[in-house]
Amino acid sequence: MKLVIAVVQHQDAGELVEALTAQGHRVTRISSEGGFLREGNVTLLIAVDDPAIEPLLKTIREHCYTRTRYVSPLPPVAESGEFYPPVPVEVQVGGATVFVVNTSGVTRL
Ligand code: 2BA
């Protein structure tokens, strides 16, 4: 059995969770925040039997899209009074960041 931890973008989370639950998966949705962009994203926990992993990853792939974001880095420390306007940096976010972890099972107490 595997625990799939999927970090997805907020815009993709709703339809993905609907698709996963329609397929019979149990899903836990956690609000999270990326350390780089400091923007909200969604972390999903899904425990599945090994044969279900590939179809699950396919569903995640189908519902998560890559998007381009522009980040303005902090301007370098100006010396001698010069001004350096920050140049936005292009960042590709997503589709999804997925961790697949071995687990011995799910216990419901
Ligand atoms: P963030 O940390 O906000 O990262 C958003 C996007 O910024 C990343 O997209 C990546 O394109 C870029 N990025 C992140 N760190 C960077 C760095 N040090 N230098 C340059 N660019 C950087 P994704 O790779 O698609 O990641 C989306 C979100 O997935 C991340 O949001 C984070 O919440 C999570 N994530 C990604 N990789 C992870 C990892 N190895 N461990 C834990 N969480 C991860």
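Placed above this text is the structure.
Scope of this entry: the structure provided in the associated data block. (Residues numbered from 1 in each chain as written. Predicted model: local features only at pLDDT ≥ 70, side-chain atom pairs only at ≥ 80, totals over all residues. Heavy atoms only, no water.)

Counting secondary structure elements, the protein contains 2 helices and 6 strands. Sequence-ordered secondary structure for the protein, helices as α and strands as β, is β-α-β-β-α-β-β-β. Taken over the C-alpha trace, the protein has a radius of gyration of 19 Å; the compact-globule value for 109 residues is 13 Å, which it surpasses by more than 25%. Each principal axis of the C-alpha distribution contributes one length, and for the protein these read about 65 × 25 × 20 Å. Each of the 109 residues in the protein was classed as buried or not, and the buried ones make up 26%. Look at the contacts in the protein between residues 6 or more apart in sequence, and 66% of them connect residues 24 or more apart. Just so you have it, the protein exposes about 7,600 Å², and 55% of that area is on carbon and sulfur atoms. Considering the protein, the positive charge centre built from 9 side chains and the negative charge centre built from 12 side chains are found 9 Å apart. (Helix = DSSP H or I, 4+ residues; strand = E, 2+ residues; numbered from the N terminus. Rg over C-alpha atoms; globule rule 2.2 N^0.38 Å. Buried < 20%, exposed > 50% of the residue type's maximum accessible area, 1.4 Å probe, protein only. Contact = heavy atoms within 4.5 Å. Areas by Shrake-Rupley, 256 points an atom, 1.4 Å probe, with all protein chains shown as cover. Lys, Arg positive; Asp, Glu negative; His and termini not counted. Charge placed at Lys NZ, Arg CZ, Asp CG, Glu CD.)

Let us now look at the site of the ligand. The ligand sits among Val 7, Gly 34, Gly 35, Phe 36, Leu 37, Asn 41, Val 91, Gln 92, Val 93, Gly 94, Thr 97 and Phe 99. Interatomic distance of 2.6 Å between a backbone N/O atom of Gln 92 and an oxygen atom of the ligand. Between the ligand and Gly 94 there is a distance of 2.7 Å, counted from an oxygen atom to a backbone nitrogen or oxygen. Protein chains shield 50% of the accessible area of the ligand, which is 750 Å² for the free molecule. Of all elements in the fold, only β5 (89-93) and β6 (96-102) reach the threshold of two or more residues within the shell around the ligand. Examining the composition of the shell around the ligand, we find that 3 residues originate from one element, β5, more than from any other. A per-class count over the shell around the ligand returns 6 nonpolar, 6 polar and no charged. (Near = heavy atom within 4 Å. Polar contact = N/O pair within 3.5 Å; in protein donor to acceptor, adjacent residues only side chain to side chain. Nonpolar A, V, L, I, M, F, W, Y, C, P; charged D, E, K, R; others polar.)

Helix α2 (residues 53-63) packs onto helix α1 (residues 10-22) with a crossing angle of 150 degrees between their chain directions and a minimal axis gap of 9 Å. By the criterion of interaxial angle, the relationship of α1 to α2 is roughly antiparallel. The two elements α1 and α2 cross, and the hand of that crossing is right-handed. Residue-level inspection shows Asp 12, Glu 15, Leu 16, Ala 19 and Leu 20 of α1 in contact with α2, the latter providing Leu 56, Thr 59, Ile 60 and His 63. Classifying every residue of the contact of α1 with α2 gives 5 nonpolar, 2 polar and 2 charged. (Axes fitted to C-alpha atoms, helices over the stretch in contact; angles between N-to-C directions. Parallel < 35°, antiparallel > 145°, perpendicular 65-115°, else oblique. Left-handed = near helix turned anticlockwise from the far one by under 90°.)

Further remarks concern the sheet that holds strand β2 (residues 28-33). Consider a sheet: its strands pair through backbone hydrogen bonds, and that pairing is either parallel or antiparallel. With respect to topology, 4 strands assemble into an open sheet ordered β2-β3-β1-β6, the strand pairing being antiparallel. The open sheet is flanked by β2 and β6, the only strands paired with a single partner. Strand-to-strand, the axes of this sheet are offset by a mean angle of 20 degrees, without reference to chain direction. Pairing analysis gives 8 bridges linking strand β1 (residues 2-9) to strand β3 (residues 40-48), with the strands arranged antiparallel. Its bridge partner being in β3, Val 8 is matched across the sheet by Val 42. α1 rests against β1, β2 and β3 of the sheet, and its axis sits at about 20 degrees to β3. Across the sheet, α2 is in contact with β1, β3 and β6; its angle to β1 comes to roughly 5 degrees. (Pairing = 2+ DSSP bridges.)

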